[in-house]
Amino acid sequence: MSEHRPYTYVTLSIRPDSDPHVRVSFHTPRLQASAGLLLDGPRPFLEFTSHEAHVHISTTGAGPVTDADLNIAREIFHAAARYLADCELLHAEQSAQDATTSAA
């Protein structure tokens, strides 16, 4: 059985005549998620933070909430709900498999 160690990695790609591309991948139980309102707007924010990286999401141009911002927030909500459901399903399956293996 392979050991799955926690990690976070960040990549930045800059190519001529293209927009920069940043990718952040969190594979760690040390990830923290938070949300709230910034008082300088006020404007909503969503953050994902690990020891190695920090991702901050807020409204378009850090301004008033737009229809596009609402659509993105809904996409995030639905994606997070799907992630939770998938994690719960796989965890239950793994726990049942572990129990069967231990009983054998």
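Notes on the structure follow. Everything quoted here is computed from the prediction, not taken from an experiment.

The rules behind these values
- Residues numbered from 1 in each chain as written.
- Predicted model: local features only at pLDDT ≥ 70, side-chain atom pairs only at ≥ 80, totals over all residues.
- Heavy atoms only, no water.
- Pairing = 2+ DSSP bridges.
- Helix = DSSP H or I, 4+ residues; strand = E, 2+ residues; numbered from the N terminus.
- Salt bridge = Lys/Arg side-chain N within 4 Å of Asp/Glu carboxyl O.
- Buried < 20%, exposed > 50% of the residue type's maximum accessible area, 1.4 Å probe, protein only.
- Polar contact = N/O pair within 3.5 Å; in protein donor to acceptor, adjacent residues only side chain to side chain.
- Contact = heavy atoms within 4.5 Å.
- Axes fitted to C-alpha atoms, helices over the stretch in contact; angles between N-to-C directions.

**A look at the pairing of strand 5 (residues 54-58)**
When strand 4 (residues 43-49) meets strand 5, the two strands line up antiparallel, connected through 5 bridges. Among the inter-strand pairings, Leu 46 is bridged to a residue of strand 5, identified as Ile 57. If you look at the hairpin formed by strand 4 and strand 5, you'll find 4 residues sitting between the two strands.

**What about the pattern of salt bridges?**
Counted according to the given criterion, the structure contains 2 salt bridges. For Glu 52, the salt bridge is made with Arg 30, and the minimal N-O distance between the two is 3.8 Å. Taken together, the positions of Glu 52 in the loop between strand 4 and strand 5 and Arg 30 in the loop between strand 2 (21-27) and strand 3 (32-38) put the pair 22 residues apart, joining distant regions of the chain. For Arg 30, a relative accessible area of 47% puts it in the partly exposed group. Asp 86 is the partner of Arg 82 in a salt bridge, and the nearest nitrogen-oxygen pair spans 3.1 Å. Taken as a pair, Arg 82 and Asp 86 lie in helix 1 (residues 67-103) at a separation of 4 residues, close to a single helical turn. The class of Arg 82 is exposed, set by a relative accessible area of 55%.

**Examining the side chain of Thr 8**
Among the secondary structure elements, Thr 8 is positioned in strand 1 (residues 7-13). Among the polar contacts made by the side chain of Thr 8, one reaches the side chain of Ser 50 at a distance of 3.4 Å. Of the polar contacts made by the side chain of Thr 8, one reaches the side chain of Glu 52; its length is 3.2 Å. Residues contacting Thr 8, with those up to four places away along its chain left out, are Ser 25, Phe 26, His 27, Thr 28, Ser 50, Glu 52 and Ala 53.

**Describing the sheet that holds strand 5**
Spatially, 3-4-5 is the arrangement adopted by the 3 strands of the open sheet, whose pairing is antiparallel. In this open sheet, the two strands that pair with only one neighbour each are strand 3 and strand 5. Here the average twist between neighbouring strands, direction ignored, is 20 degrees. As paired strands, strand 3 and strand 4 are joined by 7 bridges and run antiparallel to one another.

**Re the side chain of Thr 59**
Mapped onto the elements of the fold, Thr 59 is located in the loop between strand 5 and helix 1. With relative accessibility at 8%, the residue Thr 59 sits in the buried group. Here Thr 59 is in contact with Arg 43, Pro 44, Pro 64, Val 65 and Asp 69, once residues within four sequence places are set aside.

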